[in-house]
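Structural description and commentary
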Amino acid sequence: MTHPAQPKASHFINGEYVEDTGGTPIPVIYAYSGEQIATVYAATPAIVDAALESAKAGQKIWAKMSGTERGRVLRRAADIMRERNYDLSVLETYDTGKPMQETLVADATSGADALEYFGGLAGSLTGEHIPMGEDWVYTIREALGVCVGIGAWNYPTQIACWKGAPALACGNSMVFKPSETTPLCALKVAEILFEAGLPAGVYNVVQGMGEVGGALVTDPRVDKVSLTGSVPTGKKVYAAAAADMKHVTMELGGKSPMIVFDDADIDNAVGGAINGNFYSSGQVCSNGTRVFVQKGIKEKFLARLAERVGNAVLGDPMDEATSFGPMVTQNQMDIVMGYVEKGKAEGARLICGGKRADMDGFFIEPTVFADVTDDMTIAREEIFGPVMSVLDFDTEEEVVARANDTEFGLSAGVFTKDFTRAHRVIGNLEAGSCFINSYNDAPVEAPFGGVKASGVGRENSKEAIKHFSQVKSVYVRMGDVEAAF
Ligand code: NDP
């Protein structure tokens, strides 16, 4: 019997599901059972071509509609996503292995927020009027054209919406390529957008590995590339896009610092460290995986942390009581276990976890290492799994310098009751998305993105509009033209 997660076809092009079994088969494995629940086929060159042609034609129709009309479609899609939240959450859980306790509140809901927010903005995306004496300049905020979205596997619904909603609000069309690991959810996003009234061709989904992504990025019909992925992939994609002067947004990895001062509320800081390391089993780009704790409260912090981590409920992701799911794939589990072994070998002190859970599925126990030093591999490289490194510090000046000593710059957090210090420290940290007495909040109203190797551009908020549109300026002369000859 066909599994309910099996999509109608692999791709969604020009307003309908399209199949081409000539592409490489991509098995979809459910991370909890290890069972193959679906198969999709990587896009052949003909599929890539059809998606780009339909996006090119669809964009022209879409850009001619008023912003209010475009916004209405996006807001309708948001409503449908909310109505179907349960089913979409089940699919997200099948795609990623993340527990329903999370997917019910963080995926389709976050996608719907983006569609609603950018749908609301669409009607107000205007230029400005600049008086120049009796002459004037006016500006027009124009769409870029065809945008390519390429997603990572940790938030397949959310990423498809976070890229699609602002792109479409501005009058662009999109070809979205999900990660080969999680190909299912973006198809549902496309289906819902069309049900909400999106013209054919405006949002297309094609499947495939990096090769398909590469073909999209280098195609001359494409005007902009928005990637969520690792820094090495980001460097390749950015370079390929630059060859044709394409616009880019790069949402890449991190090794973000979370700093806990002696005066912090310990339970809040522990809660922040748990949210910033173990949500989605640690498969979150903005995680605060280097937790710097001031020496005075270190042992108290570690004791409370170990106690609370012990309350994690590992189990069937479909059971809403489960609060901690498996890694997305066996491969990711093996990579993360490699880091755990390195942590032990390099002399970090294991506080809890440190091994695979004794159960089916790609589970790794939530793991905390203490006495981690700056030079250890687990403190330098992005692990993308449930492995927290706790490092000690003495002074504010010292911790800021150590926190910034990394190629990454996605997020940073500080826990303290001293607000002057909180703002000063955040001001001195090299990171794009920051938190005070909190960690990993990502509402659509707030800009999201990194500095340094963690990225270029911003998603969400009004900032995203700047990255999916361009400004044309028009000088209007009322009098005669003066010329030298
Ligand atoms: P990857 O960088 O491996 O892949 C990202 C996407 O790019 C995938 O769809 C991948 O396809 C595709 N891709 C790979 N090579 C190319 C290429 N040469 N040209 C075009 N596309 C290509 O990342 P993961 O999927 O492993 O995701 C984890 C990473 O994503 C982590 O580093 C994480 O920090 C980052 N991330 C960043 C976020 C942010 O907003 N800053 C949010 C979430 C994750 P395929 O996988 O099918 O080969």
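Here the structure is shown first, and the text comes after it.
The structure reproduced in this document is the subject of the present report. Just so it is clear, the structure is predicted and the values come from calculations on it, not from any experiment.

Thresholds applied
- Residues numbered from 1 in each chain as written.
- Predicted model: local features only at pLDDT ≥ 70, side-chain atom pairs only at ≥ 80, totals over all residues.
- Heavy atoms only, no water.
- Helix = DSSP H or I, 4+ residues; strand = E, 2+ residues; numbered from the N terminus.
- Buried < 20%, exposed > 50% of the residue type's maximum accessible area, 1.4 Å probe, protein only.
- Lys, Arg positive; Asp, Glu negative; His and termini not counted.
- Salt bridge = Lys/Arg side-chain N within 4 Å of Asp/Glu carboxyl O.
- Contact = heavy atoms within 4.5 Å.
- 1 Å grid on protein atoms, 1.4 Å probe; cavity = no way out; pocket = protein on both sides within 12 Å on 5 of 7 lines; lining within 4 Å.
- Points joined across faces, edges and corners; volume = space filled by probe spheres on them.
- Expected span 1.5 Å × (residues − 1).
- Pairing = 2+ DSSP bridges.
- Axes fitted to C-alpha atoms, helices over the stretch in contact; angles between N-to-C directions.
- Parallel < 35°, antiparallel > 145°, perpendicular 65-115°, else oblique.
- Left-handed = near helix turned anticlockwise from the far one by under 90°.
- Nonpolar A, V, L, I, M, F, W, Y, C, P; charged D, E, K, R; others polar.
- Near = heavy atom within 4 Å.
- Polar contact = N/O pair within 3.5 Å; in protein donor to acceptor, adjacent residues only side chain to side chain.
- Areas by Shrake-Rupley, 256 points an atom, 1.4 Å probe, with all protein chains shown as cover.
- Sits in = over half its atoms within 2 Å of the grid points.

**Re the side chain of Lys 255**
- One can find Lys 255 in the loop between β11 (247-251) and β12 (257-260).
- Buried Lys 255, no salt bridge; nearest opposite-charge side chain is Glu 382, N-O distance 8.2 Å.
- Filtering out sequence-adjacent residues up to four positions away, Lys 255 remains in contact with Thr 289, Arg 290, Ile 378, Ala 379, Arg 380, Glu 381, Glu 382, Ile 383, Thr 406 and Phe 408.

**Focus: the layout of surface pockets**
- Each pocket or cavity is described by its volume, and for the largest pocket that value is around 1,000 Å³.
- Lining the largest pocket are 43 residues, and of these Ala 152, Trp 153, Ser 179, Ser 230 and Thr 233 sit closest to its centre.
- Counting only elements with at least two residues in the lining of the largest pocket, the list comes to β3 (25-29), α8 (210-217), β10 (224-228), α9 (231-243) and α12 (330-345).
- One number sums up the size of the second largest pocket: a volume of about 600 Å³.

**What to know about helix α6 (residues 156-169)**
- With 14 residues, α6 should reach 20 Å at 1.5 Å per residue; the first-to-last C-alpha distance of 20 Å fits that figure.
- Most of α6 is tucked away, with 14 of its 14 residues classed as buried.
- Gly 171, located one to two residues past α6, shows a positive phi value of around 95 degrees.

**Side note on the sheet that holds strand β20 (residues 469-476)**
- In space, the three strands of this open sheet follow the order β5-β6-β20, with antiparallel pairing throughout. Looking at strand neighbours, the two that pair on one side only are β5 (129-132) and β20, the edges of this open sheet. With direction set aside, neighbouring strand axes in the sheet form an average angle of 20 degrees.
- As judged from the four bridges shared by β5 and strand β6 (residues 135-143), these two strands associate in the antiparallel manner. Its bridge partner being in β6, Met 132 is matched across the sheet by Asp 135.

**Here we look at the pattern of salt bridges**
- Throughout the structure, instances matching the rule amount to 29 salt bridges.
- Put simply, Arg 221 and Asp 49 hold a salt bridge, and the shortest N to O gap is 2.8 Å. Of this pair, Arg 221 sits in the loop between α8 and β10 while Asp 49 sits in helix α1 (residues 45-64); the two residues are 172 residues apart in sequence, bridging distant segments of the chain.
- Assessed through its relative accessible area of 35%, Asp 49 is described here as partly exposed.
- For Lys 298, the salt bridge goes to Asp 392, with nearest N and O atoms at 3.1 Å. Of this pair, Lys 298 sits in helix α11 (residues 298-309) while Asp 392 is found in strand β16 (residues 387-393), placing the two residues 94 residues apart along the sequence. Pair check on accessibility: Lys 298 and Asp 392 agree, each one buried.
- Here the salt bridges share partners, and the residues they tie into one network are Lys 298, Glu 299, Arg 349, Asp 371 and Asp 392.

**Details of the environment of Val 18**
- For Val 18, the location among the structural elements is in strand β2 (residues 16-18).
- You can call Val 18 partly exposed: its relative accessible area is 22%.
- For the pair Val 18 and Ser 89, spaced 71 residues apart in sequence, the C-alpha to C-alpha distance is 24 Å.

**Some details on the packing of helix α2 (residues 67-83) against α6**
- With their axes 10 Å apart at the nearest point, α2 and α6 run at an angle of 160 degrees to one another. What the angle tells us is that α2 and α6 run roughly antiparallel. Remark: the crossing between α2 and α6 carries left-handed chirality. Contacts between α2 and α6 involve Arg 70, Leu 74 and Met 81 from the first element and Thr 157, Cys 161, Ala 165, Leu 168 and Ala 169 from the second.
- Among the residues making up the contact of α2 with α6, the classes are represented as six nonpolar, one polar and one charged.

**Notes on the site of the ligand**
- In the region of the ligand, 28 residues are neighbours, and Gly 151, Ser 230, Thr 233, Leu 252 and Glu 382 sit closest.
- Separating an oxygen atom of the ligand from a side-chain N or O atom of Trp 153 is a distance of 2.9 Å.
- Gly 214 places a main-chain nitrogen or oxygen 3.5 Å from a nitrogen atom of the ligand.
- Protein burial of the ligand: of its 900 Å² of free accessible surface, 86% is covered by the chains.
- Most atoms of the ligand, that is more than half of them, are within 2 Å of grid points of the largest pocket.
- Those elements that provide at least two residues to the shell around the ligand are α8, β10 and α9.
- Considering each element in turn, the shell around the ligand owes the most residues, three residues, to α8.

Purely geometric numbers; function is a separate question.
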